Amino acid sequence: MITSDEMAVVDANSEALGVPRKQLMESSGNAVAREVRARTEAGDAVALVCGRGNNGGDALVAARFLRTRDVTVHLLGRPETITTDIARENWDALGQTDIDARVVTDSRDFDLDSPALAVDAMLGTGVTGALREPEATVAYALNDADVPVLAVDTPSGVDADTGTAAGVAVDADAVVTFHDTKPGLSEVDAEVTVADIGIPTAAETFVASGDLLRLSRLPDSHKGDHGEVLVVGGGPYTGAPALAAQAALRAGADLVRVACPDAIASDVQGYAEDLIVHGYEGRRLASDHVDEVLARAQEHDTVVFGPGLGDHDATLDAVASFLERYDGTAVVDADALQVVPEVETDATLVCTPHQGELRAMGGETADDPERRASLVESFATEVGHTLLVKGAEDVISDGEYTRRNRTGNPGMTVGGTGDVLAGTVGALACLLCPRDAAAVGAYANGRAGDLVHESLGAGLTASDLVDALPRAFEGE
Ligand SMILES: NC(=O)C1=CN([C@@H]2O[C@H](COP(=O)(O)OP(=O)(O)OC[C@H]3O[C@@H](n4cnc5c(N)ncnc54)[C@H](O)[C@@H]3O)[C@@H](O)[C@H]2O)[C@@H](O)CC1
Ligand SMILES: [K+]
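Within an unreviewed UniProt entry, the label attached to the protein reads Bifunctional NAD(P)H-hydrate repair enzyme, and the organism entered is Halosegnis rubeus.

In structure tokens form, the structure reads like this:
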């Protein structure tokens with residue numbers, strides 16, 4: 001089962017892998033034609049009722065694959081108002097054929113006649129609100145006619161995610177949907193066929209530029225409410241919390257605060273004037289500080305816990321007692337990771353170990369990427385948290401969904417890149433679910449590394465990555 005947002009990501013990833021949407025549309029149209037042939041005889045009249053988006057485009061393609069049927073295409077609306085290039089190209093291509101293609105600008109001009117089958121390709125996943133005209137009247141006409149209806153992707157008017165309709169919807173006898181079935185189709189009383197349209201498996205397995213749509217499609221993306229992140233780190237190290245915090249800002253967080261020992265607070269502040277630094281007493285995190293840090297954490301959307309904290313026993317005890325009491329979302333990195341398997345926590349954690357840290361947590365790893373992905377998936381289930389295991393190929397899993405990421409390059413083994421990643425994921429986790437935040441974070445971090453490599457060659461530093469992050473989020 002796949003939601004329409006997820007489908008949009010997979011579709012864009014497919015394009016990034018070299019299988020563009022127009023090719024997918026050709027496959028969809030072919031699949032529609034196959035269903036039409038299965039439900040009709042040679043020479044039968046078939047009406048293809050097309051909207052002006054890609055749903056209509058699928059049927060415009062199907063028309064070319066139905067030479068053995070007597071096809072009539074009804075385009076609802078003026079051709080100039082077709083909303084996508086690929087649908088328009090397929091409409092234009094029909095103009096060069098002898099296929100009977102009619103333009104219906106007024107629903108009163110719609111003449112279904114009595115075909116052996118009508119194909120409803122008015123609207124698919126692009127529907128918003130109740131069907132407008134001429135689609136609404138045509139939907140009533142299809143429902144009133146004594147003609148079997150095959151719907152393309154989803155019956156027009158039905159929301160593919162929920163199965164509900166805001167107004168009239170086409171009452172289809174059968175649906176041919178693509179790639180995977182849609183949640184809403186289980187609510188529809190029609191025979192559903194799923195057609196493979198050649199989306200490469202890699203478009204789902206690997207994180208790619210299509211995954212950035214997860215951010216641009218957020219309903220509140222215009223509000224500027226992109227979250228507040230608290231970085232808890234530093235002590236023996238000062239650069240790590242500063243890098244994580246700057247990365248969180250570059251990844252889009254509105255406000256980033258750092259909680260660190262006051263012995264290093266001015267150093268951390270000195271790295272960047274954009275950061276708000278709160279010092280707690282002493283040279284390293286210890287149990288005495290947990291109340292204070294917890295109170296601050298609760299005022300933030302997410303916490304990035306670990307960069308530069310060190311592994312002093314007192315610090316690790318403090319990490320454990322923080323996690324036992326915290327019930328928000330945290331990215332856990334570096335020395336703090338080893339504590340995770342030992343604590344009971346209500347927090348939602350994204351753990352970002354490299355292979356060595358994974359083993360220290362009790363997880364296994366393997367050279368073969370597929371084997372490694374499956375080991376990470378089992379270990380995520382075991383620890384009950386999302387894992388982002390860093391490597392030449394990163395593996396992201398929440399135990400249920402597992403993705404792999406191939407962005408990044410060997411230059412990124414330099415110190416501090418892990419801090420940048422943790423901060424990035426911390427910012428994204430304000431907006432996305434843990435596994436999507438981890439996947440998009442891994443992709444963007446690696447892509448930033450690749451952009452730096454393209455412009456500077458070898459010898460990148462973690463601060464270069466921070467600077468490249470905004471461009472990495474722009475996609476390819
Ligand atoms: N991976 C994918 O996402 C693929 C999608 N394909 C097809 O593309 C479809 C989605 O295409 P689009 O995103 O172009 O969307 P649709 O074609 O479903 O709908 C968009 C069109 O409908 C209009 N519209 C929206 N709400 C309306 C309403 N209430 N009343 C009247 N008109 C309305 C819009 O102005 C636009 O012209 C899928 O359902 C599927 O059929 C396939 O071609 C292949 C791959
Ligand atoms: K449809």
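Back to the text.
A. Seen up close, the nonpolar core. Ranked by size, the top nonpolar core spans 93 residues in total, and within it Val 231, Ala 244, Ala 248, Val 425 and Leu 469 carry the most contacts. A total of 10 residues in this core trace back to one element, the largest contributor, which is helix 15 (residues 434-456). Leaving out residues up to four positions away in the same chain, Val 425 has contacts with Val 331, Val 350, Thr 352, Leu 388, Ala 437, Ala 438 and Gly 441. Counting residues in each nonpolar core, the second largest holds 58 residues, with Val 36, Cys 50, Val 119 and Met 122 among its members.

B. Local environment of the sheet that holds strand 9 (residues 255-261). Strand order in this open sheet of 9 strands is 10-9-8-11-12-13-14-15-16, and the pairing throughout is mixed. Of all strands in the sheet, those with a lone pairing partner are strand 10 (276-280) and strand 16 (402-405), marking the two edges. Recorded for the sheet is a direction-independent mean angle of 20° between the axes of neighbouring strands. By the bridge criterion, 5 bridges tie strand 8 (residues 228-232) to strand 9 in an arrangement that is parallel. The residue bridging Leu 230 from the neighbouring strand is Arg 257, located in strand 9.

C. Summary view of the site of ligand 1. Near ligand 1 lie 31 residues; those nearest to it are Asp 11, Gly 53, Asn 54, Gly 124 and Gly 126. For the shell around ligand 1, the elements supplying multiple residues, two or more each, are helix 1 (4-16), helix 2 (21-39) and helix 3 (54-64). Looking at the shell around ligand 1 element by element, the count peaks at 5 residues for helix 3. Classifying every residue of the shell around ligand 1 gives 11 nonpolar, 14 polar and 6 charged.

D. Expanded view of the UniProt feature "domain: YjeF N-terminal" (unreviewed entry) in the protein. Using the residue numbers shown here, the UniProt feature "domain: YjeF N-terminal" (unreviewed entry) corresponds to residues 7-205. With 33% helix and 19% strand, residues 7-205 has end C-alpha atoms that lie 13 Å from one another.

E. Highlighting the domain arrangement of the protein. Looking at the assigned domains, one finds that the protein contains domain 1 (4-203) and domain 2 (209-472). One C-alpha centre belongs to domain 1, the other to domain 2; they are set 44 Å apart. In this complex, domain 1 contributes 8 residues to the contact, which on the side of domain 2 involves 6 residues. Split by residue class, the side of domain 1 that touches domain 2 holds 5 nonpolar, 1 polar and 2 charged.

Reading the values: rules and limits
Numbering of residues begins from 1 in every chain and follows the order in which that chain's sequence is written. Chain A is the first chain written and ligand 1 is the first ligand written, with later ones labelled in order. Whole-chain, interface and lining totals are the exception, using all residues; otherwise, since this is a predicted model, local features are given only for residues with pLDDT of at least 70 and side-chain atom pairs are given and counted only at 80 or more. What makes a nonpolar core is a set of buried Ala, Val, Leu, Ile, Met, Phe, Trp, Tyr and Cys residues, with links drawn between C-beta atoms within 7 Å. Here exposure depends only on C-beta density: within 10 Å of a residue's C-beta, 20 or more other C-beta atoms make it buried, 12 or fewer make it exposed, and intermediate numbers make it partly exposed, the C-beta atoms being placed from the backbone. A helix here means a DSSP run of H or I that spans at least four residues, while a strand means a run of E at least two residues long, and both kinds are numbered starting from the N terminus. With C-beta atoms placed from the backbone, a contact is any residue pair whose C-beta atoms sit within 7 Å. DSSP-based pairing: two strands are paired if at least 2 bridges between them are found. All axes here are fitted lines through C-alpha atoms, helices being fitted over the stretch that makes contact, and every angle between N-to-C directions spans 0 to 180 degrees. A molecule or strand has a residue near it when that residue's C-beta atom, placed from backbone coordinates, lies within 6 Å of it. Gly counts as polar in this scheme, as do all residues outside two lists: the nonpolar Ala, Val, Leu, Ile, Met, Phe, Trp, Tyr, Cys and Pro, and the charged Asp, Glu, Lys and Arg. UniProt positions are given in the numbering used here, feature names are shortened, and annotations may be inferred rather than shown by experiment. Domain borders in the structure are assigned automatically or taken from a domain database.

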